Amino acid sequence: MRVAIFSDSFSPVVNGVAVSINALIDELRARGHSAHIFTTGFRGYKDPDPNVYRFPSVGLPLFPGYPLAIPPFYFALRNFRKHQFDIIHTHTPYTVGFVGLRWAESHEIPIVSTYHTLYDRYAHYVPYMPKVYTRYKIAKHTNYYYNRCRHVIAPSEPAAQALRRHSVRTPVTIIPTGNPELRDMSKDEARKQIGARPGDRILLYVGRVAKEKNIPLLVEAVAQVLLASPNLRFFMVGDGPFRKQAQQMARDFGVGDQVRFAGAVARSEVDKYYLASDLFVFASTTETQGLVVGEAMTYGLPTVAVHGGGASASIRDGSNGFIVGNSAGALAEKIDEVMSNGVLRAQLSACARASVKSWTHSDSCDQVLRVYEEVLGK
């Protein structure tokens, strides 16, 4: 079948949405389907994929690295009409996703959408508007958009619950993004490549360095552990608007020598950080899935995470990791417990690897194709 995919986030953006879409595209094409991507333009970026269509866009000072698509969309529409798509799959309810919805309606093409993000948790990014009003408008738009889709895919039960809270009546299927194949590299080589010293034990965070990811609490908790453990290092992989503040916090807590901000790392290079580390730490309560938690577990990394959202839903407390309350003290205490007990860490590691072994990108694509077939009446 011919699938048109619409998303505000796509390469060269590196985030969970882009990773999920790229994995889906690769699997669809491996099965002989044709996938075309409609997304925002990036100045100076040259797509290696000829099936990517870029809308005109402008940069936004409040969202560096996330340009906003703007009209006219006519040139992309001409390309859209050439292919006679069987189905449209959007990955955002906003600008690009809304274009996908309108084109689906005007061309009578069935539309499926994946609900990747708890958008109401990002209300603080909208300037000059009270958060209560912004959240109300987000809820109204969520209801409007997803009730006009034929089917909605949610990556986790918390995401599906959020849709139900917004009175979305469209059928919802929970399909987590699959986990990638393991990188063929030894742990020692990975540690060498990321600059870890012999004898270092490594805590790892992968994701946007943004306030809604609960970074202030994470840095505070990790700092408490680092101060008592001179051979412990903390690597933060990712970038975002809270990076400078997080670096200042590390300095203020007196742990700057033990924290490394790796910044935005190419997707092909992130795996070596998982492989080199000993424990994954995650404090965000705004995730629909927490894709990075599953990725960490494929490398045998147990996770200590704060309760809430989709990230903690993938953790079996006491088996492949631990879930704690939303406080720096509780998070620090559990990190210290795991890192000071090698036997416990080895048990958690084995369970982490086993818990995600059976769910791959291929499994995820199989489920998505079943949704497509259901919508198309096949």
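That block above? That's the structure.
Since the model is a prediction, treat every value here as computed from it, not as a measurement.

What follows deals with the overall build of the protein chain. Tallying secondary structure elements over the protein chain gives 14 helices and 15 strands in all. Relative to the 2.2 N^0.38 estimate, which gives 21 Å for 378 residues, the radius of gyration of the protein chain is 21 Å and therefore close to what a compact globule would have. Expressed as a percentage of the 378 residues in the protein chain, the buried residues total 55%. Summarising the internal contacts of the protein chain: among those between residues at least 6 apart in sequence, 67% fall at separations of at least 24. About 16,800 Å² of surface is accessible on the protein chain, with carbon and sulfur atoms providing 53% of the total. Counting 43 positive and 33 negative side-chain charges, the protein chain places the centres of these two groups 6 Å from one another.

Apart from glycine, the bulk of residues carry a negative phi angle, and the bulk of peptide bonds sit in the trans form. Of note, the bond from S11 into P12 is cis; its omega dihedral lies within 30 degrees of zero at 10 degrees. Turning to its location among the elements, P12 is positioned in the loop between β1 (2-7) and α1 (16-30). Between P71 and P72 the backbone carries a cis peptide bond, its omega angle lying at 5 degrees. With respect to the helices and strands, P72 occurs in the loop between β5 (68-69) and α2 (74-82). Positive phi, close to 55 degrees, is recorded for E108, a residue that is not glycine. Despite not being glycine, N214 has its phi angle at roughly 65 degrees, a positive value. Locating N214 in the fold gives a position in the loop between β10 (201-206) and α7 (215-227).

Counting residues in each nonpolar core, the largest one holds 65 residues, and the members touching the most others are L218, F234, Y274, F280, L331 and I335. Looking at this core element by element, the count peaks at nine residues for α7. Beyond its immediate chain neighbours, meaning those up to four positions away, L331 contacts L217, L218, A221, A283, V304, V306 and V324. By size, the runner-up hydrophobic cluster in this structure holds 33 residues, among which are A4, F80, Y115 and V168.

Side chains of R121, K131, R135, R165 and K211 sit close together on the surface and give a patch of like positive charge. Note that R135 resides in helix α4 (residues 131-146).

This part takes up the side chain of K272. Relative to the helices and strands, K272 resides in helix α9 (residues 267-276). According to the relative accessible area criterion, K272 is buried, its value standing at 11%. Here Q193 takes part through its side chain, which lies 3.4 Å from a polar atom of the side chain of K272. For K272, the side chain forms a polar contact with the side chain of E269, separated by 2.9 Å. In this structure, K272 is in contact with R183, M185, A190, Q193 and I194, ignoring residues within four places of it in sequence.

Reading the values: the criteria
- Residues numbered from 1 in each chain as written.
- Predicted model: local features only at pLDDT ≥ 70, side-chain atom pairs only at ≥ 80, totals over all residues.
- Heavy atoms only, no water.
- Helix = DSSP H or I, 4+ residues; strand = E, 2+ residues; numbered from the N terminus.
- Rg over C-alpha atoms; globule rule 2.2 N^0.38 Å.
- Buried < 20%, exposed > 50% of the residue type's maximum accessible area, 1.4 Å probe, protein only.
- Contact = heavy atoms within 4.5 Å.
- Areas by Shrake-Rupley, 256 points an atom, 1.4 Å probe, with all protein chains shown as cover.
- Lys, Arg positive; Asp, Glu negative; His and termini not counted.
- Charge placed at Lys NZ, Arg CZ, Asp CG, Glu CD.
- Core = buried A, V, L, I, M, F, W, Y, C linked by side-chain atoms within 4.5 Å.
- Patch = residues over 30% accessible without salt bridge, like charges linked within 9 Å, V, L, I, M, F, W, Y side chains within 5 Å.
- Salt bridge = Lys/Arg side-chain N within 4 Å of Asp/Glu carboxyl O.
- Polar contact = N/O pair within 3.5 Å; in protein donor to acceptor, adjacent residues only side chain to side chain.

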